[in-house]
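Inside the fold
Listed below, chain by chain, are the residues.
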Amino acid sequence: MSGRARLTLGAFAATLLAAGALLPLVKPATWIFTAAILLAVQSGAGVLTRRVPLARALTIAAQAVVTLLALTFVFAREQAVLWFLPGPQAFGHFGALFQAGADDIGKYAIPAPDTEGIRLMVVGGVLVIGLLVDTLAVTFRSAAPAGLPLLALYSVAAGLSDGGASWLWFLLAASGYLLLLLAESRDRLSQWGRVFGGAPRAGGSTASGAAGGGQALAPVRTGRRIGVVAMGVALVVPAALPALSGGLFGGPGDGPGESGKGGTISAVNPLVSLQENLRQPEDREVLRYRTNATDTSGMYLRLVALDQFDGTSWKSSVRPIQDVPERLPSPDGLDRQVRTTEVTGNFLASTTYEQKWLPMPYPAVKVEIDGRWRYEPAGRMLVGDNKQNTRGARYTVTSLDVRPTGPQLAAAPPAPPKVFAEYTRVPDSLPPDVRSTALAVTRGARNDYERAVRLQDWFARDGGFRYDVEVESGTGVQAISRFLQQKEGFCVHFSFSMAAMARSLGIPARVAVGFMPGTPQSDGTMSVGIRDAHAWPELYFEGAGWMRFEPTPTRGSTPDYTQPQTPSGTASGSAQPETSASAAPSAAPSASDSCPPQLRRLGECGPDEAAGGASSGDDGPNPLMVVLICLGVAVVLVLPLLPLLWRTRVRARRLGSPGRTVEDAVARTLAAWQEINDTAWDHGVLPDESRTPRKTAARIVRLGALDGEAANAVHRVARSVEQVLYAPQPRPGGGLVEEVALIRAGFDRAAGRWARLRALLAPRSSVRVVWAASARWTALTARWAATRHEVTARVTAAVRRPSRERV
């Protein structure tokens, strides 16, 4: 293989391995096959144009044109001329796809769906990087700068994944770059001529001889060591450095600080991906739970409370955290006169859901969970410490179902001064129309409870508002004012606006972010999907504490205590849940035969799904993807065994059934001698074809530390080889199969365990496959060159003959 061919393959492999970092960003990841095929076409175009040869600029231009034609055939063939020639309509279609892709990127959270626009952007980006790498590494023969576009590709993928890129993708990208550098170094060394290695020293021991025969040249060893050390440092150092936390609903959840007592929670913006999750085309299960609550409509799962409004956004305050107590303190402001019931839920988070805040019903009074979790008392939240997150977490939460009556909330005394001062604070930049609208909506209300109910009903029912997740979110004061005018938005707008208006009226308020209760399943569990993500306001009433309100139309459930028909209740103490109702999700399969196939494919037909993990919410695995994964696993398993299989096949062919003629016996003797040399090579004795068979046999016995029958067998076969090579009448010896078996057994006895394993699984003589393939390729190219020369000569002669006849 020529140096440019190796560089081309290295550039192709490096680009494709670096593109692997984009796989977690788009699901399904079938786009990688399209990118690989088009990248191969692009690389092939470069190979052909460089063989012409063309100028460097023309080579790059030809590759760019071929890439454009290939993209046109894949993405715009209906608008193209002859399915691959781009015209005005094709370019217009490309523009529309790019615009749709940009819109989809802004709309969907990671992993984004594989829409046509996103696929074009991803595949096109990989091809652009591939063209840059090929240009630098192959056309200009400078592989080192080609690492810059590869680094850019990996950096973009790591940045879009919000720091959650796996080390595996970095390892693949770095390995591709090192392969490219190795291909270039071999190309440069080959220009100095062929390097010959000497035979091992005669006085060396077996170990030293094996080592000397199997080691690479010093520059190659140094390059390998530098590459391994560099990759090791790049993998180990980031693990020792502190990492940044991810988003609220999808990114990896890092802890708030060091473990131990004390610490604080840093202020975060937990609404980064709320809108993106609500826009997901497919609902993905993030949590499943079983509870003994008789009514789950109000069992919202709270992640975090946003209690600070500075005019630009709502966010969590920086507060101290502590170890999780065995039983959490009583909720602030809750009086015994309000009816409460203890309920218990057993929760199981999906292995694909990583979040540093723990979803829990509010107010929780006891949490049983393993791991590094900390407790924030003001918001009654649990937050992961030192990279602890919810991925695959199992936990049990005991919470209070607080059910005050309307009269109890209406008669609530004023909030404590500290609560009132902190939770009624509004920025000076709050537009006047926010407070004036709040006053107009609540005109005639006699107390804070009636004002809160009127605000909720105005947003949810009477004000003419429309729920729309496509509206840009915005969290500042101008966004609230604009929302009150346009009257369309989603839960962020409704909750933020109601909380701000309540504060302007002197009602303590904050915003909670989490999930709605979810959907009941046939096995009695509740399934919470990513599109159940929600935000709602919490208002404080002394005697009842922080109470949930639901201003978002068509979402969630309106609390009973905000409805006119709410019956008056009597005070009661806390009721313990029934043990049977709160049993943990069972791993036993469901015995129900009434579950339809649709629910069975969704994994919603038995409690085993609740214990086994969250389902993905799709129709099941893609059959094509299953086949490709199985083929990939088979390749991974078989690939390391290929040298062993090849060596076994060659040995069987060399020592096959004896022929009937003398020529067959001579060929079999030489094949057995070749097998002995390869067996010695596999055990570290390099072949030396400059020696006679007798001297070669002595060298094999000495360096292989053979003795007894094994050594005698080597000498007997050597004498047979001399007979068939030099005797006037060749007399091939017999028993070659037995002689080779004796010699193999002698090598196995003399070698150590690792040497035997190396000779079996990674025989050095398997390099003959590469040599044979290279020889065949050279012969093929030589025949092709001769044929081309002959055809050219004939065509030239045919063209010149008529002209001579006319003369």
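**Digging into the overall build of the chain**
Counting its regular elements, the chain contains 26 helices and 22 strands. Residue burial in the chain is summarised as follows: out of 807 residues, 44% are buried. Considering only contacts within the chain whose residues lie at least 6 apart along the sequence, 73% involve residues at least 24 apart. For the chain, the accessible surface area stands at approximately 40800 Å², while carbon and sulfur atoms represent 60% of it.

**Here's the deal with the pairing of strand β20 (residues 526–529)**
Alternating positions in β20 separate into two faces, M526 and V528 on one and S527 and G529 on the other, with burial throughout. Sheet analysis places strand β4 (residues 285–291) next to β20, joined by four bridges and oriented antiparallel. Residue pairing in the sheet places Y289 in a bridge with M526 of β20. Examined bridge by bridge, strand β19 (residues 519–520) and β20 share two bridges and lie antiparallel to one another.

**Notes on the pattern of salt bridges**
In total, this model carries 33 salt bridges according to the counting rule given. Between D385 and R374 there is a salt bridge, with the nearest N and O atoms lying 3.3 Å from each other. Of this pair, D385 sits in the loop between β14 (381–384) and β15 (394–403) while R374 sits in strand β13 (residues 373–376); the two residues are eleven residues apart in sequence, bridging distant segments of the chain. Each member of the pair, D385 as well as R374, is classed as buried. A salt bridge links R446 to E450, with the nearest nitrogen and oxygen atoms 2.6 Å apart. R446 gets classed as exposed once you look at its relative accessible area, which sits at 69%. Each of R647, R651, R654, E675, D678, D682 and R768 takes part in a single network of salt bridges with overlapping partners.

**Points about helix α21 (residues 662–682)**
Its 21 residues give α21 an end-to-end C-alpha distance of 30 Å, which sits within 8% of 30 Å, the value for a rise of 1.5 Å per residue. Phi turns positive, to about 100°, at G684, one or two residues after α21.

**Observations concerning the nonpolar core**
Grouped together as the largest cluster of nonpolar side chains are 79 residues, with contacts concentrated most on V367, F459, L484 and L539. Among the elements that take part in this core, helix α16 (residues 491–504) stands out by supplying nine residues, more than any other. The residues touching L484, leaving out its near neighbours within four places in the chain, are V434, T437, W458, F459, F465 and M501. Listed in part, the 45 residues of the second largest apolar core include A11, A35, A90 and L127.

**What about the packing of aromatic side chains?**
Enumeration over the complete set of coordinates arrives at 19 aromatic pairs. An angle of 75° between the planes, with centres 6.0 Å apart, marks the rings of Y353 and F515 as edge-to-face. One end of the pair, Y353, is in the loop between β10 (339–349) and β11 (360–361); the other, F515, is in strand β18 (residues 509–515), with 162 residues separating them in the sequence. The pair Y353 / F515 is uniform in exposure class, with both members buried. An aromatic cluster of at least three residues, connected via ring pairs, comprises W458, F459, F465, F483 and F494. Above the ring of W546, the side-chain terminus of R510 is found at 4.1 Å from the ring centroid. Here the guanidinium or amino end of R548 rests over the ring plane of Y300, the centre of that ring lying 3.9 Å away.

**Regarding the sheet that holds β15**
If you trace the six strands from one edge of the open sheet to the other, you get β12-β15-β10-β4-β20-β19, paired in antiparallel fashion. Each edge of the open sheet is held by one strand with a lone partner, namely β12 (364–369) and β19. Here ten bridges tie β10 to β15, and the two strands are oriented antiparallel to one another. Residue E342 lies in a different strand from β15, and its bridge partner there is L400.

**As for the side chain of S557**
Within the secondary structure, S557 is located in the loop between β22 (545–548) and α17 (597–601). Assessed through its relative accessible area of 18%, S557 is described here as buried. Here the side chain of S557 touches S297 through a polar contact of 2.7 Å, landing on its backbone oxygen.

**Quick word on the confidence of the model for the chain**
Taken residue by residue, the chain gives an average pLDDT of 78. The fraction at 70 or more is 75%. Confidence over residues 195–216 falls short of pLDDT 50; this stretch has 20 contacts with residues more than four positions distant or in other chains. Overall, residues 237–269 carries pLDDT values under 50, and its contacts beyond four positions in sequence, including any with other chains, amount to 90 contacts.

**Section: the sheet that holds β11**
Sheet architecture is open: five strands sit in the order β11-β5-β18-β21-β22, paired in antiparallel fashion. At either margin of the open sheet sits one strand with a lone partner, and together these are β11 and β22. Here strand β21 (residues 533–541) runs beside β22; their pairing, made up of four bridges, is antiparallel. Within the sheet, the bridge partner assigned to E538 lies in β22 and is R548. Of the strands in this sheet, β5 (301–306), β18 and β21 touch α16, which is tilted by about 15° from β21.

What counts, and where the lines are drawn
Residues numbered from 1 in each chain as written. Predicted model: local features only at pLDDT ≥ 70, side-chain atom pairs only at ≥ 80, totals over all residues. Heavy atoms only, no water. Helix = DSSP H or I, 4+ residues; strand = E, 2+ residues; numbered from the N terminus. Buried < 20%, exposed > 50% of the residue type's maximum accessible area, 1.4 Å probe, protein only. Contact = heavy atoms within 4.5 Å. Areas by Shrake-Rupley, 256 points an atom, 1.4 Å probe, with all protein chains shown as cover. Pairing = 2+ DSSP bridges. Salt bridge = Lys/Arg side-chain N within 4 Å of Asp/Glu carboxyl O. Expected span 1.5 Å × (residues − 1). Core = buried A, V, L, I, M, F, W, Y, C linked by side-chain atoms within 4.5 Å. Phe/Tyr/Trp six-rings, centres within 6.5 Å; stacked < 30°, edge-to-face > 60°. Lys NZ or Arg CZ within 6 Å of the ring centre and 35° of its normal. Polar contact = N/O pair within 3.5 Å; in protein donor to acceptor, adjacent residues only side chain to side chain. pLDDT = per-residue confidence, 0-100. Axes fitted to C-alpha atoms, helices over the stretch in contact; angles between N-to-C directions.

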